[in-house]
Amino acid sequence: MTGDRGRTESTEDGVSPGGGIVAELGRMTGEERRAHEAEVAEAVAPDREIAVDVGDTLLEMRDVTVRFGGLVALDAVSFGIRRGEILGLIGPNGAGKTTCFNAMTGVYRPSQGQVLLEGRPLGRRARHQITRAGIARTFQNIRLFGEMTALENVVVGTDARHRTGAISALLRLPRLHREEREAVEKAMALLEFVGIADRAADRARNLPYGCQRRLEIARALATEPKLLCLDEPAAGFNPAEKEELMALIRRIRDDGYTVLLIEHDMRLVMGVTDRVVVLEFGRKIAEGRPAEVGEDPAVVAAYLGVPDDGVA
Amino acid sequence: MNAHIASRAGVRILARRVGEWWHGLSRFQQWGVLVPLVVLIYLLPVLNPPLLTTEPGTDFPIAMFNAARMALIAIGLNVVVGQAGLLDLGYVGFFAIGAYVAALLTSPDSALGVRYPWLVVVPVAMAVTMLSGVVLGAPTLRLRGDYLAIVTLGFGEIVRLLADNVEPLRGNRGFQQVAGPPGTHADGSPIFTQTGGTPWYWLVVTVIILVLVLVGNLERSRVGRAWVAIREDEDAAEIMGVPTVRFKILAFVMGAGVGGLSGALYAGQIGFVNNQKFDVVTSVLFLAAVVLGGAGNKVGVLLGAFVISYVPDRFQAVAEYKFLIFGLALIVLMVFRPQGLLGARQRLLARGRDAYRRLVGRPEQVVTKGPTPDSGRGVRT
Amino acid sequence: MVHQLATAVAQGDGGWIDFNVPLLVDRFWSNTVDGLAYGSVYALVALGYTLVYGVLRLINFAHSEVFVVGAFAAYFTLEGLGFRPGPTPQLSTLSIVANLLLAGAVAMIASGLVAVVLERVAYRPLRRRNAPSLVFLITAIGASFVVQQLFFVTRGANPERAIRILRPRPLFEVFGAKVTNIQIIVLVAAVALWVVADGFVNRTRLGRGIRAVAQDPTTATLMGVNRERVIMLTFLVGGVLAGAAALFYLMQIPQGVVYNGGFLLGIKAFTAAVLGGVGNLRGALLGGLLLGVAENYGQSLLGGAWRDVVAFALLITILMFRPTGILGESLGRARV
């Protein structure tokens, strides 16, 4: 199933896949294919610890408050994300989802409260350090490096774990060669994993929309995150694409990642998440399993009270 | 006007054809083209080809040396502007620092009273300019791009004002007898003189090749990727784990080092350094060299530098208007073709060729097909 | 080597830089007065940077050339009125006022027009295409280069000889510092123009459009504000103010206008804008006056040659420690 994902879009630009891995995949038997997929999954998440710690708290929001001037965008919000789960963060427009997200990834600093990753406060770390600490994200409005190829985009993600500096690069020291080799291997596996291996050589700006979204996910995964945050990854998708995306998110979780999902589309949230946190006006109004939360009167009121928020 | 449009389209198609042809060649074939080309480039001042020559207006080897020097500067500035997307309008400041360090350490007019050999002085000049790059970059590179532009503009001007006003830098009187590289002919006369452009040209071309290799090494590594990521979308780069400030400073320092190197070469060739020639218009000329051919594209940058330096030497009639012409060229280019004559393209993976072959069975996409030529922005759909 | 360098510095004519504190103390008040009058020129040019920045989030690099065009326009007007460089003629007060007003008006119109043309030719096509800011900056540099070189090619590298029609005359003293009629006129006129500009932006309907676009271009457009017209208007207002500044500049400086005279002044005015807080009208005024004064102090303290370095040093220092300026960025509100 890895190989044909995204293939539907691959002809849009009139680029034929030609030879390479993609063509090879088509020739494989079912057996070979499954073996290959296992290899890819292994390369995507080499140090997963599924069996070890599933269920303990990976990231904790502790009384996080974010103020902009007089406006309280996030009001003492607390919740935890457990290792190995898919947590949905939902709420009407302006409820503070993206603010919450930004507080988590270091774009905003909380006015009060703390964000703890594996029990350690993120504190005043710079954004790139937070990424290295293990939180990766995608963007609501796609932000790829347009002039780079898809493969290069992903390799930039892997660079978060690299230590090659100017000297090793200038003199082509062994470290550079080792890291470059690893990076390309890993990036290739990731592109395959999200289903756009056949577009590896294309510039990101020329990719179709769906591929761009997938590429963002691959780039975020490349940073070897403990927590992957997806900001409305299904925006602009048709129902079929949403199905595929849900399958991909599940596969990411099954591969050992923890996923935080901000999403408007209730069907998608209900279908894919293990637990849901609901925000309204910057406060947490509910938390629990999707089915329970869906019946929570406060949640229903929040959504019905604000009719224009795109509940699907 | 129609002819103009047609010629523009012509240049574009030609550039793409050449690009596709080049990337279609194997490594081996590429060398086969490259080596004779480089030999030809080396031989240019000796051949002094009839149509190309700038004589009798300007001595042709000197003109070629100047073009090569501009090319070296452009390559250095391209690291900052083209790759990392930082607008540096004070590049002439680094050039000046390099020239002054060379003068201070080799000229008998210097108050330091030392006469170090040129070969020692060049690395010192580079180190000092790189240090000044850190000093300027560390506080300002945290700022938005346009602030940086104006601060660097100020920096270039401060360097000039220092040259004007600090007594030991001798203002307009300048330094005589700035040293050049060592070496004598069989008859004992020095190889590198103020009047003979050819040895200097060979020296600079060699330096260019060396710098191109080194810059290429940086480009196809984490460093080069970080630069391009910063250029494309700084916030996204930071969030993807790129320590942006550090890499911006690095770009600045690399650019400064090459600027200082060209300054020291310039000082050596002229043999004289004073406070002239280091003003803002020169900085803008450098920028034009980078932007004209295509910022971020090394071939383009070399081409742009050649045009900027060669055209006024070859066509003396336009020399007086060169700043006007290149200023107009900047506007026209930005409005109609902001990516320059050749668009930006760099290879960012040390092992990219293999990877693409294995993955998709063809090389990466080299020429942008899309109708949106602007680089420097993330993807918007 | 470092040791030798240090020795050379210590031995040279007093070394690299002298600090002349007594001179600064001695000239403190006259420096202040001169600085305020000169700073008002910076303030008016800084307003142009600030207005455009507020609306477009763009440093209009070519604004310095808008100023130079105004200066040349004023100069040519005076020349056209029959005045020549040389000794200041004896004129009636009415005649002086009328001639200055005329020259000022022509300068303001010329600068305003150039600013608008610039916006049309250089910026609008880029905006249409949603070009990145690097492209805007390079275009602006190209444009400013072209204007500069046009004057260079036609008028040469030497400054025009100054034309004066108003003779400086001390009116009164402040702590022993003479205040001239020209300084009073310039200061009062500049502050008056600032008040007009501020009132225009804050109280009129067109000004509301400017503030709306500055705050949120998308919403402003949805609410029926014609963004293109607002942008044009902003350039026009900035240009007109620069034209007025050009006249005030010519009235104060000993030499006449020169083709590249806008460059330094532009950077200084920009420094003034940053000093006060880019995008902040009050900041532009405050920053301009402060910079004018600081520059004079620096000149007394370090010597005339260092005058221009003060502005740059100040610019870099502010950007390092408080990039939003003294009063903060706002023409509307600061955006993240």
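Nothing here was measured: the structure is a model prediction, and the numbers come from that model.

Asker: Could you give an account of the UniProt feature "transmembrane region" (unreviewed entry) in chain C, naming the residues involved and the relevant values?
Answerer: Residues and elements named next belong to chain C. UniProt tags residues 36–59, 66–84, 96–118, 130–151, 182–201, 230–250 and 305–321 as "transmembrane region" (unreviewed entry). Structurally, residues 96–118 comprises 100% helix and 0% strand, and the distance from its first C-alpha atom to its last is 32 Å. Secondary structure within residues 305–321 divides into 88% helix and 0% strand; the distance between the first and last C-alpha atoms comes to 26 Å.

Asker: Residue-level account of the confidence of the model for chain C, with values.
Answerer: As a note on interpretation, predicted positions should not be read in detail where pLDDT is low. All names here are of chain C. Summary statistics for chain C give a mean pLDDT of 84 and a share of 92% for residues scoring 70 or more. Ranking the elements of chain C by mean pLDDT puts helix α1 (residues 2–11) last, at 45, and helix α4 (residues 63–80) first, at 93. The low-confidence segment residues 4–14, where pLDDT is below 50, has 15 contacts with residues more than four positions distant or belonging to other chains. Across residues 331–336, where pLDDT falls below 50, the model places 15 contacts with residues more than four positions away in sequence or in other chains.

Asker: Could you give an account of the sheet that holds strand β4 (residues 112–117) of chain A, with specific residues and numbers?
Answerer: What the 4 strands build is an open sheet, ordered β2-β1-β4-β5 (chain A); its pairing is antiparallel. Every other strand in the sheet has two partners, leaving β2 (71–82) and β5 (120–121) of chain A as the edge strands with one partner each.

Asker: Which residues make up unusual backbone geometry, and what are the values?
Answerer: Residues and elements named next belong to chain B. The phi dihedral of Q177 is positive, around 50°, even though this residue is not glycine. As for its placement among the helices and strands, Q177 is situated in the loop between α6 (145–165) and α7 (197–219). Judged by the 14 C-beta atoms lying within 10 Å of it, Q177 falls in the partly exposed class. Unlike most non-glycine residues, K277 shows phi in positive territory, near 70°. Its location among the elements puts K277 in the loop between α10 (244–270) and α11 (280–293).

Asker: A description of the packing of helix α5 (residues 93–128) of chain C against helix α10 (residues 227–252) of chain C should follow, citing residues and the corresponding values.
Answerer: Residues and elements named next belong to chain C. Closest axis-to-axis distance for the α5/α10 pair is 7 Å, and the angle between their directions is 145°. The interaxial crossing formed by α5 with α10 has right-handed handedness. Within the contact between the two elements, α5 uses A103, G104, A107, M108, A110, S111, G112, V114, A115, V116 and E119 and α10 uses I231, M232, F235, L236, G238, G239, V240, A242, G243, A244, A246 and L247. When its residues are assigned to classes, the contact of α5 with α10 shows 16 nonpolar, 6 polar and 1 charged.

Asker: Break down the pairing of strand β7 (residues 227–231) of chain A for me, with residues and values.
Answerer: Residue and element names in this part refer to chain A. Most of β7 is tucked away, with 5 of its 5 residues classed as buried. Burial of β7 is two-sided: the residues L227, C229 and D231 facing one way and the residues L228 and L230 facing the other way are all buried. Here strand β6 (residues 135–137) runs beside β7; their pairing, made up of 3 bridges, is parallel. Each bridged residue has a counterpart across the sheet, and for I135 the counterpart in β7 is L227. Of the pairings in the sheet, the one linking β7 to strand β8 (residues 258–262) comprises 5 bridges and is parallel in character. Within the sheet, the bridge partner assigned to L228 lies in β8 and is V259.

Thresholds applied
- Residues numbered from 1 in each chain as written.
- Chains lettered and ligands numbered in written order.
- Predicted model: local features only at pLDDT ≥ 70, side-chain atom pairs only at ≥ 80, totals over all residues.
- UniProt positions renumbered as here; feature names shortened; annotations may be inferred.
- Helix = DSSP H or I, 4+ residues; strand = E, 2+ residues; numbered from the N terminus.
- pLDDT = per-residue confidence, 0-100.
- Contact = placed C-beta atoms within 7 Å.
- Pairing = 2+ DSSP bridges.
- Buried ≥ 20, exposed ≤ 12 C-beta atoms within 10 Å, placed from the backbone.
- Axes fitted to C-alpha atoms, helices over the stretch in contact; angles between N-to-C directions.
- Left-handed = near helix turned anticlockwise from the far one by under 90°.
- Nonpolar A, V, L, I, M, F, W, Y, C, P; charged D, E, K, R; others polar.

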